[in-house]
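# Topology and contacts: notes
The lines below spell out each chain.
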6 protein chains.
Amino acid sequence: MAKYPIFVLSLLALVCALAFAYEPSPLQDFCVADPTSPALVNGRACLDSKLAQADHFFLSGLNKAGNTSNALGSVVTPVTVGQIPGLNTFGIALARLDYAPWGLIPPHSHPRATEILTVLKGSLYVGFVTSNPENRLISKVLKKGDVFVFPVGLVHFQQNVGNGKAISLSALSSQNPGVITVASAVFGSKPPIGDDILAKAFQVDQSAINRFRAQF
Amino acid sequence: MAKYPIFVLSLLALVCALAFAYEPSPLQDFCVADPTSPALVNGRACLDSKLAQADHFFLSGLNKAGNTSNALGSVVTPVTVGQIPGLNTFGIALARLDYAPWGLIPPHSHPRATEILTVLKGSLYVGFVTSNPENRLISKVLKKGDVFVFPVGLVHFQQNVGNGKAISLSALSSQNPGVITVASAVFGSKPPIGDDILAKAFQVDQSAINRFRAQF
Amino acid sequence: MAKYPIFVLSLLALVCALAFAYEPSPLQDFCVADPTSPALVNGRACLDSKLAQADHFFLSGLNKAGNTSNALGSVVTPVTVGQIPGLNTFGIALARLDYAPWGLIPPHSHPRATEILTVLKGSLYVGFVTSNPENRLISKVLKKGDVFVFPVGLVHFQQNVGNGKAISLSALSSQNPGVITVASAVFGSKPPIGDDILAKAFQVDQSAINRFRAQF
Amino acid sequence: MAKYPIFVLSLLALVCALAFAYEPSPLQDFCVADPTSPALVNGRACLDSKLAQADHFFLSGLNKAGNTSNALGSVVTPVTVGQIPGLNTFGIALARLDYAPWGLIPPHSHPRATEILTVLKGSLYVGFVTSNPENRLISKVLKKGDVFVFPVGLVHFQQNVGNGKAISLSALSSQNPGVITVASAVFGSKPPIGDDILAKAFQVDQSAINRFRAQF
Amino acid sequence: MAKYPIFVLSLLALVCALAFAYEPSPLQDFCVADPTSPALVNGRACLDSKLAQADHFFLSGLNKAGNTSNALGSVVTPVTVGQIPGLNTFGIALARLDYAPWGLIPPHSHPRATEILTVLKGSLYVGFVTSNPENRLISKVLKKGDVFVFPVGLVHFQQNVGNGKAISLSALSSQNPGVITVASAVFGSKPPIGDDILAKAFQVDQSAINRFRAQF
Amino acid sequence: MAKYPIFVLSLLALVCALAFAYEPSPLQDFCVADPTSPALVNGRACLDSKLAQADHFFLSGLNKAGNTSNALGSVVTPVTVGQIPGLNTFGIALARLDYAPWGLIPPHSHPRATEILTVLKGSLYVGFVTSNPENRLISKVLKKGDVFVFPVGLVHFQQNVGNGKAISLSALSSQNPGVITVASAVFGSKPPIGDDILAKAFQVDQSAINRFRAQF
């Protein structure tokens with residue numbers, strides 16, 4: 001049985017809307033996303049501005065902890081254009097992250113956003129890896145009130161290294177940052193990437209690949 | 001005696017670095033701002049990437065309350081490229097806002113950023129005003145865990161409407177959002193805008209203008 | 001009775017279309033705005049390019065003076081994507097400004113455009129105020145044939161300081177620059193910003209605020 | 001003897017600064033171009049903002065007619081970042097155009113800007129040609145107070161078709177629009193494009209090419 | 001009879017889709033162009049992402065030579081968003097160019113793209129001309145395996161200078177680069193630019209203009 | 001002994017220059033990268049344009065096969081701003097890819113570019129994986145003359161599935177696309193990401209992680 005479902009489901013809303021850092025700039029005061037528009041466009045089509053209300057720019061509940069009862073001990077609560085339609089065209093989003101003790105947000109990248117993370121509670125070990133050929137790991141242990149930056153497109157991770165629960169709040173430079181979790185993209189794609197390809201890519205035998213696939 | 005100094009000083013770092021929403025995108029993994037570069041450029045010149053360290057992407061202390069003992073009962077703690085050099089080229093920044101009871105972040109705009117605010121503590125009345133000719137006020141009372149969006153360039157404000165202290169954390173879509181407080185830009189510029197101009201602009205007599213100038 | 005109606009009405013067309021400086025670049029020779037499109041998008045949807053005609057790129061009448069018989073003694077004639085559909089996707093617009101003697105374009109900002117102004121007739125005192133904390137006023141008296149730049153998002157104003165009428169022509173770096181007049185956004189929003197908030201923001205008592213509201 | 005010198009010289013300042021439409025957006029209130037910077041960058045390096053003065057945002061003399069005593073009977077007075085250093089990073093420029101009777105701004109394109117032209121005096125026949133394969137000419141006779149748009153990168157021209165002098169003022173969506181006059185780029189390049197290439201390109205014999213080269 | 005038809009027809013697809021370099025960035029993983037969308041927008045409207053298939057990102061046949069039996073001895077096979085709908089929002093395209101011996105791609109510009117050309121077979125003489133006032137020709141003879149860059153918006157050309165056929169593959173920085181062939185835009189527009197205008201522009205008599213028009 | 005050195009070394013030049021898709025647009029005809037500039041900036045500082053020569057826009061040797069005698073049986077020959085200084089500010093680059101029989105370009109992403117690949121020789125199996133939560137694999141077998149698109153930031157791979165050698169030519173929408181090979185970023189970073197983190201991320205035991213690390 002799949003071990004990632006809770007984590008993956010919690011990312012659903014984050015990805016249903018999508019986006020890239022450094023987005024097209026707004027051409028009006030606001031362009032509230034209209035889910036009933038007959039047209040699909042880059043980003044979202046707009047609601048008639050006369051119909052815009054305060055609630056289009058609003059979301060509640062970010063003070064509520066997500067459920068971290070999953071294999072990774074972590075959960076993401078996204079706040080993107082999928083949750084707040086008023087974010088459309090504005091190039092920014094948020095995400096609340098909850099971590100059980102030793103909970104992990106595993107190595108992943110955001111194809112369309114830089115992330116700036118603030119620790120609200122607990123202590124996190126975080127890091128990102130630069131691109132080829134250096135692949136330098138730049139990492140740090142953060143405590144409450146600390147802030148750290150993950151550059152756009154680079155692989156990064158966060159782990160709760162304190163005794164209790166941890167919480168962080170991230171801001172991302174896209175209305176729809178996108179998430180690519182390395183483990184699920186490489187070993188859990190649908191359909192799968194061939195065993196021979198992965199065995200060659202990681203220079204291991206196919207049985208080792210099969211162990212990595214087992215959770216999906 | 002000037003009544004704004006603490007508020008104004010707290011904005012100093014936020015503005016010392018500067019920027020516009022929807023910024024030029026990065027042309028390398030990162031371009032850590034180098035304060036010793038011989039060249040001044042749009043944004044900041046870069047440090048040699050080999051010299052970049054984790055601390056260039058890091059800031060501590062955002063858990064500490066600012067001092068709200070000032071006429072407005074509020075204070076801004078900025079987290080822009082001026083505080084975190086690793087934010088350069090990434091189009092994102094943060095600010096912590098502390099409010100004494102009934103404390104106010106007065107009407108202001110960010111010329112280069114949309115803002116997304118999260119209430120960490122307390123209860124806030126917030127609003128923004130659309131551009132001419134509607135000048136529609138879109139406002140809402142927020143409580144802990146609520147999120148609200150202020151579109152780029154529009155005038156907005158936040159007031160603590162709970163009994164105790166309030167705290168919010170804002171993300172902004174620029175490495176250097178800039179702040180234009182209406183009161184200080186119009187009535188407190190150095191040198192001042194002429195009394196006759198302001199009297200005509202606001203359709204009041206010059207004595208009324210003088211009362212507005214008194215605090216500066 | 002409201003004292004701003006003529007000024008406000010003259011801004012209607014300028015704002016009906018809206019926009020931000022540094023706009024998404026065109027992906028075809030032109031994308032003439034189509035008011036009958038079923039879709040609302042960032043900017044405007046396009047007319048079938050085969051139907052584009054010279055008149056879509058054309059406007060007449062910018063040689064005609066606007067009516068300055070209003071409290072401010074000034075009027076704006078906008079030339080944005082709302083008037084010339086062929087401007088869509090092109091990041092540029094114009095405005096003609098007429099000033100009665102001592103007529104004033106009161107402090108305002110354009111959330112989506114830098115402005116470059118040319119004096120066609122008369123003499124103007126113009127200025128802009130930098131963002132916090134400096135709030136430096138940079139100003140100059142201009143005469144016929146002089147040109148001046150107002151940076152995007154900053155508060156600026158223009159006053160006729162000659163004996164006769166004055167005319168200027170402005171170009172703006174957006175198809176829909178937007179206008180935020182400080183007086184009407186702060187004291188004339190619909191619904192109004194609370195008296196207590198404005199009294200605290202400007203550090204005056206509420207009766208002073210009421211005098212500023214009186215014209216709306 | 002060369003027949004274009006006056007026209008070409010008048011374009012010198014327009015081109016000395018350079019640029020493309022839809023430019024990188026500003027990351028600070030302003031970035032006044034600093035001609036003494038040790039670094040050459042995309043656009044211009046910045047002056048220390050504390051040294052910026054009103055004159056950096058200012059130019060005088062646009063009311064003065066240029067000298068149209070040349071073979072084309074026209075002259076361009078550019079107002080780009082080369083003339084106003086405060087335009088740097090702002091994506092906008094101007095040009096005054098003077099036309100003797102029947103004076104012509106010959107077919108040309110701006111590689112980095114859309115142009116919006118206002119007729120200040122006289123009557124102009126203007127047009128632009130769409131890209132391949134249609135190559136449709138979209139043209140119109142303009143009179144005083146008329147406005148017309150020339151899309152970025154497309155070939156366009158303006159001719160004085162009235163009895164007297166004509167004047168127009170153009171705004172362009174770049175701090176440095178660039179000008180490519182077809183005649184001089186194709187027949188007057190230094191060194192020249194080979195006769196055989198041009199003969200084949202235009203499907204004429206080389207003697208015809210030589211007649212076109214004669215003026216350079 | 002027209003001498004350009006084959007060349008012009010081969011450019012048809014290249015231009016049917018259109019675009020500008022430095023395009024709005026994607027706000028989702030992909031936005032496959034949907035030719036059946038009810039809305040026309042800047043670029044293309046999107047297909048529902050669930051319907052996207054591998055074939056939307058695919059084109060075959062770029063190994064096949066085009067037919068160079070035309071007056072210029074050259075043909076362009078475009079690979080833009082018009083041929084591959086999956087290129088929408090991605091700011092890149094290709095073109096295969098075939099040249100008969102001495103075949104020529106005549107002077108032209110791309111209003112929305114820089115081009116980087118690779119010689120796959122044969123030997124080419126290529127060049128581009130800088131903008132006014134220098135109009136400097138920067139040129140080089142290329143052989144198999146050589147690469148050359150043509151900056152966005154500048155006039156450039158390629159000629160086969162080897163004994164046999166030549167082939168090159170170009171990449172362009174737009175999903176719809178656009179092509180403006182100088183000869184056809186200036187002498188072959190529909191309707192034509194007036195003889196008097198062209199005679200004055202090129203400083204030749206109208207009979208010379210007529211010879212240039214003859215092929216259209 | 002490390003098994004990746006040749007592959008990694010061949011990526012060195014590709015990464016030494018860096019960049020992001022949808023880059024700041026050029027503000028002049030060209031800005032040739034100047035390696036001797038005293039300033040480091042986003043992208044590259046410019047050479048004095050008067051010193052630009054044809055060779056700055058030129059590279060030879062792309063017809064030469066790279067050495068595929070390495071564990072992956074593949075090699076990348078990059079053509080970025082690091083190899084052609086004239087590419088600076090132009091948002092485009094190339095790469096030649098050589099594959100031994102069954103040679104593999106392992107799963108990787110480009111943080112700053114979409115890629116469009118053309119098969120010059122042989123037959124390739126290629127695919128990309130969409131972002132969370134779908135992680136859909138979109139793949140296809142390509143033969144000579146086929147073209148395929150890999151969206152910016154998404155994980156993709158190419159494998160030679162023919163009997164002989166294969167060659168492809170890729171264009172990328174950045175002057176410095178960057179490469180993040182999943183295997184080396186996750187299992188081969190310097191210093192390494194902790195075993196416990198990777199074991200939890202992939203839901204395997206630490207001995208399995210050690211087998212994946214062995215090649216580095």
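Residues numbered from 1 in each chain as written. Chains lettered and ligands numbered in written order. Predicted model: local features only at pLDDT ≥ 70, side-chain atom pairs only at ≥ 80, totals over all residues. Heavy atoms only, no water.

Below, the discussion takes up the packing of aromatic side chains. The geometry of an aromatic ring pair is captured by the separation of the ring centres together with the interplanar angle, meaning the angle of the planes. Following the criterion strictly, the structure yields 75 aromatic pairs over all chains and no others. Consider the rings of B:Phe187 and C:Phe202, whose centres lie 5.7 Å apart with planes at 85 degrees: the pair is edge-to-face. Of this pair, B:Phe187 sits in helix α3 (residues 182-187) while C:Phe202 sits in helix α4 (residues 195-202), placing the two residues on different chains. Of the two residues examined, B:Phe187 and C:Phe202, each falls in the buried class. Pairing C:Phe128 with C:Phe148 gives two aromatic rings, centres 6.3 Å apart and planes at 45 degrees, and the pair type is tilted. Taken together, the residues C:Phe128 in strand β6 (residues 123-129) and C:Phe148 in strand β8 (residues 147-150) connect sequence positions 20 residues apart. The buried category is assigned to C:Phe128, whose relative accessible area is 0%. Three or more aromatic residues joined by ring pairs make a cluster, and in this case those are A:Phe187, A:Phe202, A:Phe212, F:Phe187, F:Phe202 and F:Phe212. Directly above the aromatic system of A:Phe58 lies the positively charged group of B:Lys140, at a separation of 4.5 Å from the ring centroid. (Phe/Tyr/Trp six-rings, centres within 6.5 Å; stacked < 30°, edge-to-face > 60°. Helix = DSSP H or I, 4+ residues; strand = E, 2+ residues; numbered from the N terminus. Buried < 20%, exposed > 50% of the residue type's maximum accessible area, 1.4 Å probe, protein only. Lys NZ or Arg CZ within 6 Å of the ring centre and 35° of its normal.)

Residue and element names in this part refer to chain D. Counted under the stated rule, the structure contains 41 salt bridges over all chains. A salt bridge links Asp-98 to Arg-96; its shortest N-O distance comes to 2.8 Å. Here the two residues Asp-98 and Arg-96 agree in accessibility, since each one is buried. (Salt bridge = Lys/Arg side-chain N within 4 Å of Asp/Glu carboxyl O.)

What follows concerns helix α4 (residues 195-202) of chain D. Looking at α4(D), one finds that the buried residues are D:Ile197, D:Leu198, D:Ala199, D:Ala201 and D:Phe202. D:Gln203 sits one or two residues past α4(D) and shows a positive phi near 55 degrees.

This brings us to the state of the cysteines. Residues and elements named next belong to chain E. Evaluation of the coordinates by the stated rule reveals 6 disulfides over all chains. Across the disulfide from Cys-31 sits Cys-46; the S-S distance is 2.0 Å. Disulfide Cys-31-Cys-46: the torsion about the S-S bond is -90 degrees, which places it as left-handed. Of this pair, Cys-31 sits in the loop between α2 (12-17) and β1 (58-59) while Cys-46 sits in the loop between α2 and β1; the two residues are 15 residues apart in sequence, bridging distant segments of the chain. Owing to a relative accessible area of 0%, Cys-31 belongs among the buried residues under this scheme. (Disulfide = S-S within 2.5 Å.)

Bringing the sheet that holds strand β3 (residues 93-99) of chain F into the picture now. Spatial strand order, β1(E)-β8(F)-β5(F)-β10(F)-β3(F)-β2(F): 6 strands in an open sheet with antiparallel pairing. Single-partner strands in this sheet number two, and they are β1 of chain E together with β2 (74-79) of chain F. Pairing geometry for β2(F) and β3(F), over 6 bridges, is antiparallel. Counted as the bridge partner of F:Thr77 is F:Arg96 from β3(F). (Pairing = 2+ DSSP bridges.)

Let us look at the relation of the copies chain B and chain C. Screw-axis analysis of chain B against chain C gives a translation of 0.0 Å along the axis, an RMSD of 0.0 Å, and a rotation angle of 180 degrees. Both copies are brought into coincidence by an operation consistent with a two-fold rotation axis. A share of 100% of interface residues in chain B that are also interface residues in chain C marks the association as one of identical surfaces. (Least-squares fit on C-alpha atoms with pLDDT ≥ 70 in both. Contact = heavy atoms within 4.5 Å.)

Let's shift gears to the pairing of strand β8 (residues 147-150) of chain E. Side chains E:Val147 and E:Val149 project from β8(E) onto one buried face, and the interleaved E:Phe148 and E:Phe150 project onto a second face that is buried too. Note: strand β5 (residues 115-121) of chain E against β8(E), 4 bridges, orientation antiparallel. Bridge pairing in β8(E) places E:Ile116 opposite E:Val149. Direction of pairing for β8(E) relative to strand β1 (residues 58-59) of chain F: antiparallel, over a ladder of 2 bridges. Following the sheet pairing, E:Val147 is matched in β1(F) by F:Leu59.

Moving on, we come to the interface of chain B and chain C. Contacts between the two partners involve 59 residues from chain B, matched on the other side by 61 residues from chain C. Taken over both partners, the interface formed by chain B and chain C buries close to 5300 Å², and the fraction arising from carbon and sulfur atoms is 66%. Three residues stand out in chain B for area buried against chain C, namely B:Asn132, B:Arg211 and B:Phe212, and they jointly supply 13% of the buried area on that side. For the pair chain B and chain C, the number of links is 2 salt bridges. Here B:Asp205 and C:Arg211 are joined by a salt bridge, their closest N and O atoms 2.8 Å apart. (Buried area = accessible area lost by both parts, 1.4 Å probe.)

A separate point is the sheet that holds strand β4 (residues 104-109) of chain A. Residues and elements named next belong to chain A. Strand order in the open sheet formed by 5 strands is β7-β6-β9-β4-β11, with antiparallel pairing between adjacent strands. The sheet is open, and its two borders are formed by β7 (137-143) and β11 (180-181), each paired with just one other strand. Here β4 runs beside strand β9 (residues 155-160); their pairing, made up of 3 bridges, is antiparallel. Bridging across to β9, Leu-104 finds its partner in Gln-159.

Here A:Gln159 lies in strand β9. You can call A:Gln159 buried: its relative accessible area is 5%. Setting aside chain neighbours within four positions, we find A:Gln159 in contact with A:Trp102, A:Gly103, A:Leu104, A:Ser123, A:Leu124, A:Tyr125, F:Asp196 and F:Ile197.

Another aspect to go through is unusual backbone geometry. Residue B:Asn132 is joined to B:Pro133 through a cis peptide bond whose omega torsion reads -5 degrees. Note on placement: B:Pro133 falls in the loop between β6 (123-129) and β7 (137-143). Not every positive phi belongs to a glycine, and A:Thr89 is a case in point at roughly 75 degrees. Structurally, A:Thr89 is set in the loop between β2 (74-79) and β3 (93-99). Residue A:Thr89 is classed as buried on the basis of its relative accessible area, which comes to 5%. Despite not being glycine, D:Trp102 shows a phi value in the positive range, around 65 degrees. When you line up the elements, D:Trp102 lands in the loop between β3 (93-99) and β4 (104-109). On the basis of relative accessibility, which here comes to 46%, the residue D:Trp102 falls in the partly exposed class.

Let's shift gears to the side chain of A:Thr68. Locating A:Thr68 in the fold gives a position in the loop between β1 (58-59) and β2. Setting aside residues no more than four positions away along its own chain, A:Thr68 makes contact with A:Gly73, A:Ser74, A:Val75, A:Asp98, A:Tyr99 and A:Ala100.

Moving on to the UniProt feature "binding site: Mn(2+)" (unreviewed entry) in chain A. Residue and element names in this part refer to chain A. Annotation from UniProt places "binding site: Mn(2+)" (unreviewed entry) at His-108, His-110, Glu-115 and His-156. Spanning 49 residues, the named residues form one tight spatial group whose C-alpha atoms are at most 11.8 Å apart. Note on placement: His-108 falls in strand β4. Residue class for His-108 comes out buried when judged on its relative accessible area of 5%. Once you skip the residues sitting within four places of it in the chain, His-108 turns out to touch Glu-115, Leu-154, Val-155, His-156, Gln-158, Val-179, Ile-180, Thr-181 and Val-182. One polar contact links the side chain of His-108 to the main-chain carbonyl oxygen of Pro-106, over a distance of 2.8 Å. (UniProt positions renumbered as here; feature names shortened; annotations may be inferred. Polar contact = N/O pair within 3.5 Å; in protein donor to acceptor, adjacent residues only side chain to side chain.)

What follows concerns the packing of helix α4 (residues 195-202) of chain A against helix α5 (residues 206-213) of chain A. Residues and elements named next belong to chain A. Where α4 meets α5, the axes come as close as 9 Å, and the angle between the chain directions of the two elements is 105 degrees. Considering their axes alone, α4 and α5 lie roughly perpendicular with respect to each other. Between α4 and α5, the contacting residues are Asp-195, Asp-196, Leu-198, Ala-199 and Phe-202 on the first element and Gln-206, Ile-209, Asn-210 and Arg-213 on the second. Split by residue class, the contact of α4 with α5 holds 4 nonpolar, 2 polar and 3 charged. (Axes fitted to C-alpha atoms, helices over the stretch in contact; angles between N-to-C directions. Parallel < 35°, antiparallel > 145°, perpendicular 65-115°, else oblique. Nonpolar A, V, L, I, M, F, W, Y, C, P; charged D, E, K, R; others polar.)

Moving on, we get to the environment of B:Val182. For B:Val182, the position within the fold is in helix α3. Separated by 27 residues in the primary sequence, B:Val182 and B:Val155 place their C-alpha atoms 8.3 Å from one another. Excluding its chain neighbours within four sequence positions, the residues that come into contact with B:Val182 are B:Pro107, B:His108, B:Val155, B:Phe187, C:Val182, C:Val186 and C:Phe202.

Now for the environment of A:Val149. Residue and element names in this part refer to chain A. Relative to the assigned elements, Val-149 resides in strand β8 (residues 147-150). Looking at Val-149, the relative accessible area reads 0%, which means it is buried. Sequence separation between Val-149 and Leu-117 is 32 residues; the distance between their C-alpha atoms is 6.4 Å.

Another point: the nonpolar core. Grouped together as the largest cluster of nonpolar side chains are 376 residues, with contacts concentrated most on A:Phe202, B:Phe202, C:Phe202, D:Phe202, E:Phe202 and F:Phe202. Discounting residues that sit within four places of it in the chain, A:Phe202 has contacts with A:Val186, A:Phe187, A:Ile209, F:Val182, F:Ala183, F:Phe187, F:Phe212 and F:Gln215. Judged by nonpolar contacts, the second largest core, of 8 residues, contains D:Ala39, F:Ala39, F:Val41 and F:Ala45. (Core = buried A, V, L, I, M, F, W, Y, C linked by side-chain atoms within 4.5 Å.)

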